[in-house]
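Report on the structure
What follows is each chain in one-letter form.
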Amino acid sequence: MKSFLKELAVRTGGRVEFRDITREVEEAIRESGVRSGIAIIFTPHTTTGIFLNEDESVLKRDLEKTMERLIPEKGGYMHDEVDYNAYAHLRSIILGASLAIPVENGRPMLGAWQSIFLAEFDGPRSRRVYVKVIGSD
Ligand code: ZN
């Protein structure tokens, strides 16, 4: 069994941004040499998230608007008295910090329209994403 870890460095460019990292994850899986197994995509931050969906620009704007409606930036949160980014923490909690994706034939088993995204809610910043790949060659 192989076990491989790669750290991706992502410099986000906006306060809120949905960044497609599919290509970098596919590359990490290729580097791992794992043909059959599982890939865990994990972000170690409290104001980012990881999710799967279609990389389509209008849909990303819809997601941004929906997040603003569900968890508005100015929501009178108590954490804003500590650090003005409560909305970013709350959106991160809703999305979650990791995904597990099956790997077969050295590739993630994504659907035709699925891309892997890092969601930034408190950028721009330097962010890390870990890709852990476990399986057999
Ligand atoms: Zn905070």
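Here the focus is the overall build of the protein chain. When helices and strands are tallied, the protein chain shows three helices and eight strands. Starting at the N terminus and walking to the C terminus, you meet the elements of the protein chain as β-β-α-β-β-α-α-β-β-β-β. What you see for the protein chain is a C-alpha radius of gyration of 16 Å, in line with the 14 Å of a compact globule of 137 residues. With respect to the principal axes defined by its C-alpha atoms, the protein chain has extents near 50 × 30 × 20 Å. Counting all 137 residues of the protein chain, 40% fall into the buried class. A sequence separation of at least 24 residues applies to 82% of the contacts in the protein chain between residues at least 6 apart. For the protein chain, the computed accessible surface area is about 7,600 Å², with 54% contributed by carbon and sulfur atoms. Looking at the protein chain, you have 19 positive and 21 negative side-chain charges, and the mean spots of the two groups are 2 Å apart.

Let us look at the packing of aromatic side chains. As enumerated under the stated definition, the model contains three aromatic pairs in all. Where phenylalanine 18 meets phenylalanine 121, the ring centres are 6.1 Å apart and the plane angle is 75°; that geometry is what we call edge-to-face. You can see phenylalanine 18 sitting in strand β2 (residues 17-20) and its partner phenylalanine 121 sitting in the loop between β7 (115-120) and β8 (126-136), a full 103 residues away along the chain. Taking the relative accessible area as the measure of exposure, phenylalanine 121 reaches 0% and is therefore buried. Relative to phenylalanine 117, the ring of phenylalanine 51 has its centre 4.9 Å away and its plane inclined at 5°; by these criteria the two rings are stacked. Here phenylalanine 117 lies in strand β7 and phenylalanine 51 lies in strand β4 (residues 48-53), a separation of 66 residues in the sequence. According to the relative accessible area criterion, phenylalanine 51 is buried, its value standing at 12%. Since its relative accessible area comes to 1%, phenylalanine 117 is described here as buried. In this structure an aromatic cluster arises from ring pairing among Phe18, Phe51, Phe117 and Phe121.

On to the coordination of the zinc ion. Donor atoms from the polypeptide that coordinate the zinc ion comprise His79 (NE2), Asp83 (OD), Asn85 (OD1) and His89 (NE2), at 2.1 to 2.2 Å from the metal. Written as a sequence motif, the donor arrangement for the zinc ion is H-x3-D-x1-N-x3-H. Here histidine 79 is found in the loop between α2 (57-70) and α3 (86-95), whereas its partner histidine 89 is found in helix α3, with ten residues between them in sequence. Given the relative accessible area of 28%, histidine 79 is considered partly exposed.

With respect to the helices, strands and loops of the structure, arginine 91 is situated in helix α3. Given a relative accessible area of 2%, arginine 91 falls into the buried group. If sequence neighbours within four positions are ignored, arginine 91 has contacts with Val16, Met67, Glu68, Ile71, Pro72, Glu73 and Phe121.

Summed over the entire model, instances satisfying the criterion amount to eleven salt bridges. A salt bridge links aspartate 137 to lysine 2, with the nearest nitrogen and oxygen atoms 3.8 Å apart. With aspartate 137 in the segment after β8 and lysine 2 in strand β1 (residues 2-11), this pair connects stretches of sequence that are 135 residues apart. Given a relative accessible area of 64%, aspartate 137 falls into the exposed group. Of the residues examined, lysine 2 reaches a relative accessible area of 29% and is grouped as partly exposed. When salt bridges with common partners are traced through the structure, they connect Arg15, Glu73, Asp122 and Arg125 into a single cluster.

Rules behind the numbers
- Residues numbered from 1 in each chain as written.
- Predicted model: local features only at pLDDT ≥ 70, side-chain atom pairs only at ≥ 80, totals over all residues.
- Heavy atoms only, no water.
- Helix = DSSP H or I, 4+ residues; strand = E, 2+ residues; numbered from the N terminus.
- Rg over C-alpha atoms; globule rule 2.2 N^0.38 Å.
- Buried < 20%, exposed > 50% of the residue type's maximum accessible area, 1.4 Å probe, protein only.
- Contact = heavy atoms within 4.5 Å.
- Areas by Shrake-Rupley, 256 points an atom, 1.4 Å probe, with all protein chains shown as cover.
- Lys, Arg positive; Asp, Glu negative; His and termini not counted.
- Charge placed at Lys NZ, Arg CZ, Asp CG, Glu CD.
- Phe/Tyr/Trp six-rings, centres within 6.5 Å; stacked < 30°, edge-to-face > 60°.
- Donors = N, O, S within 2.8 Å, 3.2 Å for Na, K, Ca; no water.
- Salt bridge = Lys/Arg side-chain N within 4 Å of Asp/Glu carboxyl O.

Remember, this is a structural readout, not a statement about activity or role.
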